Amino acid sequence: MPLRPAALPTVTRRLVSALLPAALLALAPLPVAAQGQGPEDELPVAEIQAFAEVFERIKRAYVEEVEDADLLRNAMRGMLSELDPHSAYLDSEEFESLRESTQGEFGGVGIEVGMEDGQLTVITPIDDTPASRAGLQSRDKILRIDDTPTDRLSLQEAVNLMRGDPGTEIRLTILRQDENAPREVTLTREVIRTESVKSELLEAGYGYLRVSQFQTRTGEQVGSAIRRLERDGPLKGLVLDLRNNPGGVLQAAVDVADAFLDEGLIVYTEGRLPDSEMRFSAGRETAAADVPLVVLINGGSASAAEIVAGALQDQRRGVVMGTESFGKGSVQQIMPLGNGEGLKLTTALYFTPDGRSIQAQGIEPDVEVIRGRLEVAEGSGLNVREADLEGHLGSRGEPRSRSEMSERLREDYQLGEALNLLKALNVLSQRRGG
């Protein structure tokens, strides 16, 4: 049915008049060179008219007066939010917030969030931040931010509410899996400066490499950390800890995987636009090509962390241990608009070297180890050792201080199991060599 602007109210006529030239241009016969774009490139004229009519009804009948710009901006927000949880319309303030995140410094509580089944959900708390110190966990549902229910907030609106000036307090009402009642947590915002790589020796010859997120220089930092771990001698094994890592910069993920691979595909992407289809492969220069490797993942390992785990798993470079990862395998591009605002739009999907889609699937560990902690029951007497007895005989060999064992191993069952696996792999390797 053709549009009849004269039959519409004044505001609607203005809106349709603004949209009509583009619609008519899309419906006009295409030049020979442009043909083949297909009917999907045509604007739906009937739907544009319906949109204009809804706009007019709100302007005339809504209980409160609403600015035209607010209505149109909200319409754009809705259009993007219905695509997937990661696409969003960004106003100027949200653009600034995104810039701060990219720089790795902002005022907040240090928590990565996403939408799961329409509910604001913790992907992971960032290491050494108010959120991690308060014990927030992956998959926690955030029901309220201060006094604001989250069920009607967009993802970006929720992020904006959680950010703020350092020193100010924020209350989060969360519901944890397997718990019947929500709990309230009060956090104090801090300047969040994210250091993405930490390392230490768990025991002589066995290194621990923690990557908390993927920033621009993470690949370079991983290489430096490996060299530091090797100062006292060659590594017999290495644990790469990607648990509760929400992802980050794609190139950083490629660089980290490349530190352990000397050839082969790392990841590829597929999308509708030609520039969204990319392939990344390992180079010959490798920081730790032959070191036995265990990769730790869990439900908070997402996006770039899943790229690294998937690449090392498919290339048979290491053993992936822990629990199933988050399953965020989509690529977002930031597209600036002429008004100083922009879009964050999902444009492609990640695939592992063997062609597995990460999206909504995640990475299955080779060895499943549930998070836990081994403790000795109080009063059992089993925590008494010979060295604790008064007058015990001394060792004839070189004494080994308890402090030589990393404190992490005392608190982290999964990490202890990873170290045990590395030792077992070394035993098997030595026996085969003999």
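Above: the structure in question.
Now for a quick tour of the structure. All values reported here derive from a predicted model rather than from experimental measurement.

### Notes on the packing of aromatic side chains
Applying the stated criterion to the full structure yields 1 aromatic pair. Arranged with centres 5.2 Å apart and planes meeting at 10 degrees, the rings of Tyr-268 and Phe-351 form a pair that is stacked. Residue Tyr-268 is found in strand S13 (residues 265-271), and its partner Phe-351 is found in strand S18 (residues 342-351); the two are separated by 83 residues along the sequence. Note on accessibility: Tyr-268 and Phe-351 belong to one class, buried. When the ring centre of Tyr-268 is taken as origin, the NZ or CZ atom of Arg-279, which lies over that ring, is 5.4 Å away.

### Quick look at the packing of helix H8 (residues 250-258) against helix H9 (residues 304-314)
H9 packs onto H8 with a crossing angle of 30 degrees between their chain directions and a minimal axis gap of 9 Å. As summarised for this structure, H8 and H9 are arranged roughly parallel, according to the angle between their axes. You can see that H8 and H9 cross each other, and the crossing is right-handed. Taken together, the residues of H9 that come into contact with H8 (itself represented by Leu-250, Ala-253, Val-256 and Ala-257) are Ala-304, Ile-307, Val-308, Ala-311 and Leu-312.

### Considerations on the nonpolar core
With 43 residues, the main nonpolar core has Phe-214, Leu-240 and Phe-260 as its most contacted residues. Taken together, the elements giving at least two residues each to this core come down to strand S11 (206-211), helix H7 (218-229), strand S12 (237-241), H8, S13, strand S15 (293-297), H9 and S18. At 7 residues, the largest contribution of residues to this core is made by H9. Core analysis: the next-biggest nonpolar cluster, separate from the first, contains 19 residues, Leu-120, Ala-131, Leu-155 and Ala-158 among them.

### Describing the pattern of salt bridges
The final tally for this structure, using the stated rule, is 20 salt bridges. Between Arg-133 and Glu-190 there is a salt bridge; the shortest N-O distance is 2.4 Å. Of the two residues, Arg-133 sits in helix H5 (residues 130-133) while Glu-190 sits in strand S9 (residues 190-193), which places them 57 residues apart along the sequence. Note on Arg-133: relative accessible area 53%, which makes it exposed. Where Arg-183 meets Glu-179, a salt bridge forms, and the shortest distance between an N and an O atom there is 2.5 Å. Under the relative-accessibility criterion, Glu-179 is labelled partly exposed at 30%.

### Things to note about helix H6 (residues 155-162)
Those residues of H6 that sit buried are Leu-155, Gln-156, Ala-158, Val-159 and Met-162. Within H6, the buried residues cover an arc of 160 degrees as seen down the axis, which keeps them to one side.

### Regarding the pairing of S13
Burial analysis of S13 places 5 of its 7 residues in the buried class, which makes it a mostly covered element. As paired strands, S13 and strand S14 (residues 279-281) are joined by 3 bridges and run antiparallel to one another. Its bridge partner lying in S14, Leu-265 is registered against Ser-281. For S13 and S18, the ladder comprises 4 bridges, and the chain directions are antiparallel. Note that in S18 the partner of Glu-270 across the bridge is Leu-349.

### Some points on the side chain of Arg-176
The topology assignment puts Arg-176 in the loop between strand S7 (169-175) and strand S8 (183-188). Classification of Arg-176 by relative accessible area gives buried; the value is 13%. One polar contact links Arg-176 to Asp-140, side chain to side chain, over a distance of 2.8 Å. Setting aside anything within four residues of it in sequence, one finds Arg-176 in contact with Gly-135, Leu-136, Gln-137, Asp-140 and Arg-183.

### A few points about the environment of Glu-112
Position of Glu-112 among the secondary structure elements: in strand S3 (residues 111-116). For the pair formed by Glu-112 and Asn-245, sequence separation is 133 residues and the distance between their alpha carbons is 9.2 Å. Once residues within four sequence positions are removed from consideration, Glu-112 is found in contact with Thr-121, Val-122, Ile-123, Thr-124, Ile-126 and Pro-246.

### Section: the environment of Met-162
Looking at the secondary structure, you find Met-162 in helix H6. Assessed through its relative accessible area of 4%, Met-162 is described here as buried. Considering only alpha carbons, one finds Met-162 and Gly-107, 55 residues apart in sequence, at a separation of 9.0 Å. When residues no more than four places from it in sequence are discounted, the contact partners of Met-162 are Gly-108, Ile-111, Val-113, Ile-142, Ile-145, Ile-170, Leu-172 and Arg-189.

Conventions adopted
- Position numbers for residues start from 1 in each chain and track the written sequence from start to end.
- Since the coordinates come from a predicted model, pLDDT governs what is reported: local features require at least 70, and pairs of side-chain atoms require 80 or more to be given and counted, while whole-chain, interface and lining totals use all residues.
- The basis for the side-chain values is all heavy atoms of the structure; hydrogens and waters are excluded.
- Under the pairing criterion, centres of Phe, Tyr and Trp rings, with the six-membered ring standing for Trp, must be within 6.5 Å; the plane angle then separates stacked pairs below 30 degrees from edge-to-face pairs above 60, leaving the rest tilted.
- Going along the chain from the N terminus, every DSSP run of H or I of four or more residues is numbered as a helix, and every run of E of two or more is numbered as a strand.
- Whether a residue is buried, partly exposed or exposed follows from its accessible area with a 1.4 Å probe, protein chains only, as a fraction of its type maximum: under 20%, in between, or over 50%, in that order.
- Only when the NZ of Lys or the CZ of Arg is both within 6 Å of the ring centre and within 35 degrees of the ring normal is a charge said to sit over the ring.
- The angle between two axes is taken between their N-to-C directions and runs from 0 to 180 degrees, where each axis is a line fitted to C-alpha atoms and a helix contributes only its stretch in contact.
- Any angle from 65 to 115 degrees is called roughly perpendicular, while one under 35 is roughly parallel, one over 145 is roughly antiparallel, and all others are oblique.
- A clockwise turn of the near helix away from the far one marks a right-handed crossing, whereas an anticlockwise turn of less than a right angle marks a left-handed crossing.
- Note on contacts: a residue pair qualifies if any of its non-hydrogen atoms lie within 4.5 Å across the two residues.
- In plain words, nonpolar cores are sets of buried Ala, Val, Leu, Ile, Met, Phe, Trp, Tyr and Cys residues tied together by side-chain atoms within 4.5 Å.
- One side-chain nitrogen of Lys or Arg within 4 Å of one carboxyl oxygen of Asp or Glu is enough to make a salt bridge.
- Arc, as used here, means the arc of the directions from the helix axis to the C-beta atoms.
- DSSP calls a pair of strands paired once it identifies at least 2 bridges connecting them.
- Any pair of nitrogen or oxygen atoms within 3.5 Å is treated as a polar contact; in protein, a donor-acceptor pairing is required on top of that, and neighbouring residues in sequence qualify only through side-chain atoms on both sides.

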